[in-house]
Amino acid sequence: MPSRNAVPTDTRRAERASIDGRVRFREAGQNPFDAELFDLSSTGFRMFTFSRQAIGRRIWVSLPGLEPREAVVRRAAGDNYGCEFVEPLHPSVASHLQTKLGR
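Described in the following lines is the structure provided in the data block. (Residues numbered from 1 in each chain as written. Predicted model: local features only at pLDDT ≥ 70, side-chain atom pairs only at ≥ 80, totals over all residues. Heavy atoms only, no water.)

Moving on: helix α1 (residues 91-101). Along α1, the positions that sit buried rather than exposed are A94, L97, Q98 and L101. Projected down its long axis, α1 shows its buried positions confined to an angular sector of 100°, all on one face. Pointing more than 90 degrees away from the buried face of α1 are the exposed residues H96, T99 and K100. Of the surrounding secondary structure, the elements contacted by the buried residues of α1 are β1 (17-26) and β2 (33-40). (Buried < 20%, exposed > 50% of the residue type's maximum accessible area, 1.4 Å probe, protein only. Helix = DSSP H or I, 4+ residues; strand = E, 2+ residues; numbered from the N terminus. Arc of directions from axis to C-beta. Contact = heavy atoms within 4.5 Å.)

Below, the structure is given as structure tokens:
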């Protein structure tokens, strides 16, 4: 039986990598905002931006070399936001971006 004090396990569906990248993102029908990416996986990313984002908001992020990708804001902590791609990146595309933008 699990302990009540047990630390939850990471339930991510894909391996994430620390990166250092600048991107632009926007909401539907809105002007784009700048953001810094800190990690990326095939299923999502974490970004820093001064633009306030609400949990559940749909955004489109422009990653280097790709058409804008739709994502949903899943977590917020200050100016940091965890986002999940609506359609995950192909693993080879995620790997390429992780290498290109890796720290």
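This brings us to the pairing of strand β5 (residues 69-77). As judged from the 4 bridges shared by strand β4 (residues 58-62) and β5, these two strands associate in the antiparallel manner. Bridge pairing in β5 places I59 opposite A71. Pairing between β5 and strand β6 (residues 80-85): 6 bridges, direction antiparallel. When the bridges of β6 are listed, V73 appears paired with C83. Linking β5 to β6, which pair antiparallel, is a turn of 2 residues; within it G78 sits at a positive phi near 65°. (Pairing = 2+ DSSP bridges.)

Keep in mind these values describe shape, not function.
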